[in-house]
Amino acid sequence: MSNKYRDQFIRAVDTVRDEGRYRIFRDVRRRCGDFPKATWFKDDGSENEITIWCSNDYMGMGQSPCVIEAVKQAVDRAGTGSGGTRNISGTTHYHVQLEQELAELHQKDKALLMTSGYVANEATLGVMSKILPGLHVFSDAMNHASMIAGISRARCEKTIFKHNDLEDLERALKAADPHVPKLIAFESVYSMDADIAPIKEICDLADKYNALTYCDEVHAVGMYGPRGGGIAERDGLMDRIDIIQGTLAKAFGMIGGYIAANTDIIDAVRSLASGFIFTTSLPPSTAAGALRSVKILKISPHLRTQHQERAGALRTRLTRAGYPVIGNETHIVPLMVGDPIACQGASDTLLNDYGIYAQPINFPTVPKGTERLRFTPSPFHTDAMMDELLLALEHVWHTYGLKRRRVA
Ligand SMILES: *Cc1c(COP(=O)(O)O)cnc(C)c1O
């Protein structure tokens, strides 16, 4: 590689660094059976025991003995990889069973597995304009990068409406050509702001303007609703969403993504979406583990209650101590810092001095000036761990001169 090329790569990273958003990946090994504890492998070769406070394995299912057993059994029976794309020998019985289970979870005819939640969004939204020529997509301003990627890929007309703003959405729908096909793309739980979409009202608008609805329930499946079907299940709205998208990688503790919808939609996506067609299917053991995980969470409302209790406990303690916590309806507890350098520094200090791991969330994951620490308490984060966290934050907030509200 010539020096000129080399300089360009270096300069690209320098820009990232100057903006305080150069990413440091922490080298950790989770300790199975000791959730949320992990070992941190430091650059100097030493190891530290840490508590993870930012995992998306929200319910600890990635270490559930039953899920582990299902994965091991499938490896013993079927080996490691699936050996092909879905069309070329990669549709194993494990995939078929999991898709049936996911369809049942969301009360849809069918579900379609993909290799990740990202791919599910990108592939599905990306192919919509092929199926619906002239499509106009209405996309919430805070939608995940994978939905944005899919919508860009579709190269169709798009309008971005203000986050969770029904008036802005209606204005856009009203202004659009009444004769073109329409699709409203949104999430149920927004994981960075920890707020929830007004799903019913969005569906009402969709009915009024004859639009399809597409809802990313990635941060809700397994965690909300009587059987873990998500916010739409909790609110009795699953039948009003045309395409529900989810992940197996967060509350279900595995890897993989999916959509659930009626037979005609699934058949079209299955037949046309390149991100579904041209890639090897998930390992059978992954499908087996996910199947077990979905089945377990379906009958574990007590775990969902515990999860919400823990999140509520942390939120209450931080709020009482005057910390700028945002969002109050979900299991995610974002703590605003508002500066990328301080956010990285606070995170470094928490880890180095206290063994508390909360990754800083900086641009482009969130808008500049809204940098934050994002805590995700699980049913296994104890009061003692929260005591440690609050003590550490006290110090860190002081060190970086960060603001707290005066509390009466
Ligand atoms: C994490 C995430 C995804 C991607 O899911 P993966 O299974 O991790 O690829 C999609 N949408 C949202 C809102 C997410 O937060």
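Residues numbered from 1 in each chain as written. Predicted model: local features only at pLDDT ≥ 70, side-chain atom pairs only at ≥ 80, totals over all residues. Heavy atoms only, no water.

### Things to note about the site of the ligand
If you check the shell around the ligand, you find 14 residues, and the closest are Gly117, Asp216, His219, Thr247 and Lys250. Within the side chain of Asp216, one N or O atom sits 2.7 Å away from a nitrogen atom of the ligand. Within the side chain of His219, an N or O atom sits 2.4 Å from an oxygen atom of the ligand. Taking a 2 Å distance to the grid points as the criterion, the majority of the atoms of the ligand fall inside the largest pocket. (Near = heavy atom within 4 Å. Polar contact = N/O pair within 3.5 Å; in protein donor to acceptor, adjacent residues only side chain to side chain. 1 Å grid on protein atoms, 1.4 Å probe; cavity = no way out; pocket = protein on both sides within 12 Å on 5 of 7 lines; lining within 4 Å. Sits in = over half its atoms within 2 Å of the grid points.)

### Points about unusual backbone geometry
The omega angle of the peptide bond from Phe35 to Pro36 is 0°, so this bond is cis rather than trans. Counting through the fold element by element, Pro36 comes out in the loop between strand S1 (28-30) and strand S2 (37-41). In this model, Phe363 is joined to Pro364 through a cis peptide bond whose omega is 10°. Its place among the elements puts Pro364 in the loop between strand S15 (360-361) and strand S16 (372-375). Of note, the phi angle at Gln107 is positive, near 55°, even though the residue is not glycine. With respect to the secondary-structure elements, Gln107 resides in the loop between helix H4 (93-105) and strand S4 (110-114). (Helix = DSSP H or I, 4+ residues; strand = E, 2+ residues; numbered from the N terminus.)

### Overview of helix H2 (residues 65-78)
With 14 residues, H2 should cover 20 Å at 1.5 Å per step; its first-to-last C-alpha distance of 20 Å lies within 8% of that length. Turning to H2, its buried residues are Val67, Ala70 and Ala74. Down the axis of H2, the buried set is contained in an arc of 60°. They therefore lie on one face. Counted as exposed and oriented over 90 degrees from the buried face of H2: Pro65, Lys72 and Asp76. Here the buried face of H2 lies against H4 and helix H12 (284-298). Looking one or two residues past H2, Gly79 carries a phi angle of roughly 85°, positive in sign. (Expected span 1.5 Å × (residues − 1). Buried < 20%, exposed > 50% of the residue type's maximum accessible area, 1.4 Å probe, protein only. Arc of directions from axis to C-beta. Contact = heavy atoms within 4.5 Å.)

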